[in-house]
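Chain and residue survey
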Amino acid sequence: MTTKRPLSNIVSGLVGGLIVLLVGAVLISTNVIDTGDTKTVVREVQTTQPTAGTTGTGGRSVRDIYKQEGRGVVFIQANGVTTDQSSPFGTPQQGTATGSGFVLDKDGYIATNAHVVEGAKSVTVSFSENGDAIDAEVKGVDTSADLAVLKVDPSQVKDLTVVPLGDSSKAQVGDPVIAIGNPFGFSRTVTTGIVSGLQRQIQAPNGFTISHVIQTDAPINPGNSGGPLLDASGRVIGINSQIATGGGQGSVGIGFAVPIDTAKKLFPDLKAGQTIQRAYLGVQMQGVTKQLASDLNLAADHGALVVDVTPNSPAAKAGLHGGRTQTSQGVVAGGDLIVAIDGKDMRNEDSVAAAIAAHRPGDKIDVEFYRGNAKKTVTVELTKRPANADSSSGGSGGGGGGLLP
C-alpha cells in the first residue's frame, strides 16, 4: 500500500529519543487511504548523486549551495505539539516535533510546514549543529497549504543568511534539485535528485487538497519537513512536506514539496499573523479527458465532473448535482459537468480550484455546467472554507474526486 507521510519527527515526551512517524496522508492520486501507525526504521539509502563539485547541469555546485544557502536552513523543535484524531497526520498524542525551516529575510522570518509547529506550546530554532536554540514565535499557520511562518529576534543570530526564493512555475521534469534539512535529527543534511513530476496533489493537514505540488526523488525523510527544495542556482522552488513510502518505512525516492509560488502568495499574510480566508464551493470533482468524455458520453471533452456535493454547501444551495453511479473505471458518473466560471472555460478540476481560489468568501460566481446534454448556469455565493475537510464532508474519496475548493 502506498502512503504519503509528513516529514516531521515526533519525539515522545515520555520516552527520550524515540522517533516515531506521524500517520501518512491520503494518496489522492491513487485513492488509497492508510491511516495505520508505523514505526520508523533508519535505513541506508543507495542513491546516484552528482559529483560534489557540480550539479551536473552547468549550475552552481552542490558544495557551493550547501556552504552558502545551507547556512539559512534551521533545525526546528516544537514542544507540546498535538495531532488531531480527525487528521491523517496522526492520532492524538503530545510530544516534541522536530523539523526544518529556512530564513526568508533579514527581519528573522522563517518558513516551515504547518504540521511541524501547529498547536505547539513553544518553538525553538537552531542555526548550526552546535549552536544554541533560540525562541521563535509562530506568526501564522495555514493548514490548507501546510505552511507556517516563524519569527526570531535577528539580533540573536550572527550573520543571518537569507535563502533566495525561486519560481516554481519554471521547474521542469528532469531539472536537478537539492534538499537541505534535518532528517532523523541529523542536522543540515544535503541530498540531491531531480524534479520527478509536476502538478501532483497531496492532502493538507486539514484534509483539503494541495495542488501543483512538486515531486522529487531527492532522498527526504522524517525531519526534512519545512526544509527547502532548491534548484541548481540555489533558489527555493518548494518546501518539502511529505513522502510516499510504498508501504515501507522510509524514503523510496518519492517526495513532495509545496511549490514556492503558492507559498509566496501567503507569506505576507502569515508574517502579519492574519488568518488565510479561502472561498469555498463544496464539491468533489474528477477531471475530464477526451477518453473519459467518450466513455461516459459527456456533452463536452473538458471541464470538471462533479463527483459529490457537500450538504448545505454553496454548491448544494445553488442546486449543483453530484454523481450517482460508479463505473468499472472507478469514476462516479451522472453528476454535473462544470465547463466555465464567470465566462472563462474550465479545462479540468485544477482550473475550477484556481478560479475559486481567486475569490474571497462572499463573492458570487456564475457556474456554467452540463446536466446531461442540457447546458445550464447558476449563480453561487461562495462562503468561507471550513477548518477541515471532515467538518464539510465525509472525506476526499468519492470515486476519484479530490476535495479541492
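Scroll up to find the structure this text is about.
Residues numbered from 1 in each chain as written. Predicted model: local features only at pLDDT ≥ 70, side-chain atom pairs only at ≥ 80, totals over all residues. Heavy atoms only, no water.

**Considerations on the packing of aromatic side chains**
The condition is simple: Only rings of Phe, Tyr and Trp enter the pairing, Trp through its six-membered ring, and a pair is recorded when the two centres are within 6.5 Å. The plane angle decides the type: under 30 degrees is stacked, over 60 is edge-to-face, the rest tilted. Working definition: helices are DSSP H or I runs of at least four residues, strands are E runs of at least two. Numbering for both runs from the N terminus. Only protein chains enter the accessibility calculation, which uses a 1.4 Å probe. A residue is then buried if its area is under 20% of the maximum for its type, exposed if over 50%, and partly exposed in between. Two conditions define a charge sitting above a ring: the NZ of Lys or the CZ of Arg must be within 6 Å of the ring centre, and it must be within 35 degrees of the ring normal.
Counted by the stated rule, this structure contains 1 aromatic pair. When the ring of phenylalanine 208 is compared with that of tyrosine 280, the centres are 6.4 Å apart and the planes differ by 85°; the resulting orientation is edge-to-face. Placement of phenylalanine 208 in the loop between strand E11 (189-203) and strand E12 (209-216) and of tyrosine 280 in strand E16 (residues 279-280) is noted, with a sequence separation of 72 residues between them. The two residues phenylalanine 208 and tyrosine 280 agree in class, both being buried. Positioned over the ring face of tyrosine 109 is lysine 151, at 5.4 Å from the centre of the ring. Over the aromatic face of phenylalanine 208 sits the side chain of arginine 385, whose NZ or CZ is 4.3 Å from the ring centroid.

**Topic: the pattern of salt bridges**
Condition: The salt bridge definition used is simple: a Lys or Arg side-chain nitrogen within 4 Å of an Asp or Glu carboxyl oxygen.
Counted by the stated rule, this structure contains 9 salt bridges. Aspartate 105 is the partner of lysine 271 in a salt bridge, and the nearest nitrogen-oxygen pair spans 2.7 Å. With lysine 271 in helix H3 (residues 260-271) and aspartate 105 in the loop between strand E5 (94-103) and strand E6 (109-112), this pair connects stretches of sequence that are 166 residues apart. Given a relative accessible area of 24%, lysine 271 falls into the partly exposed group. Two residues, aspartate 261 and lysine 264, come together in a salt bridge whose shortest N-O distance is 3.6 Å. With aspartate 261 and lysine 264 both in helix H3 and 3 residues apart, this pair spans about one turn of that helix. Among the charged side chains, a salt-bridge network with shared partners connects Arg60, Asp64 and Glu69.

**Focus on H3**
The test is simple: To estimate the expected span of a helix, subtract one from its residue number and multiply by 1.5 Å.
Under the 1.5 Å per step criterion, the end-to-end length of H3 is 15 Å for 12 residues, consistent within 8% with the ideal 16 Å. Where H3 is concerned, the buried positions are Ile260, Asp261, Ala263, Leu266, Phe267 and Leu270. Just downstream of H3, glycine 273 is the residue with a positive phi angle, here 75°.

**A few points about the nonpolar core**
Put simply, the rule is: Among buried residues, those of type Ala, Val, Leu, Ile, Met, Phe, Trp, Tyr and Cys that are joined through side-chain atoms within 4.5 Å constitute a nonpolar core. By definition, residues are in contact when any of their heavy atoms lie within 4.5 Å.
Grouped together as the largest cluster of nonpolar side chains are 29 residues, with contacts concentrated most on Phe102, Leu104, Leu147, Leu230, Ile239, Ile260 and Phe267. Sorting the residues of this core by element identifies helix H1 (62-68), E6, strand E9 (147-151), strand E10 (176-181), E12, strand E14 (236-244), strand E15 (255-259) and H3 as the ones contributing at least two each. Of all the elements, H3 adds the most residues to this core, at 5 residues. Once residues within four sequence positions are removed from consideration, isoleucine 260 is found in contact with Phe102, Leu165, Gly166, Asp167, Ser168, Val236, Ile237, Gly238, Ile239 and Phe267.

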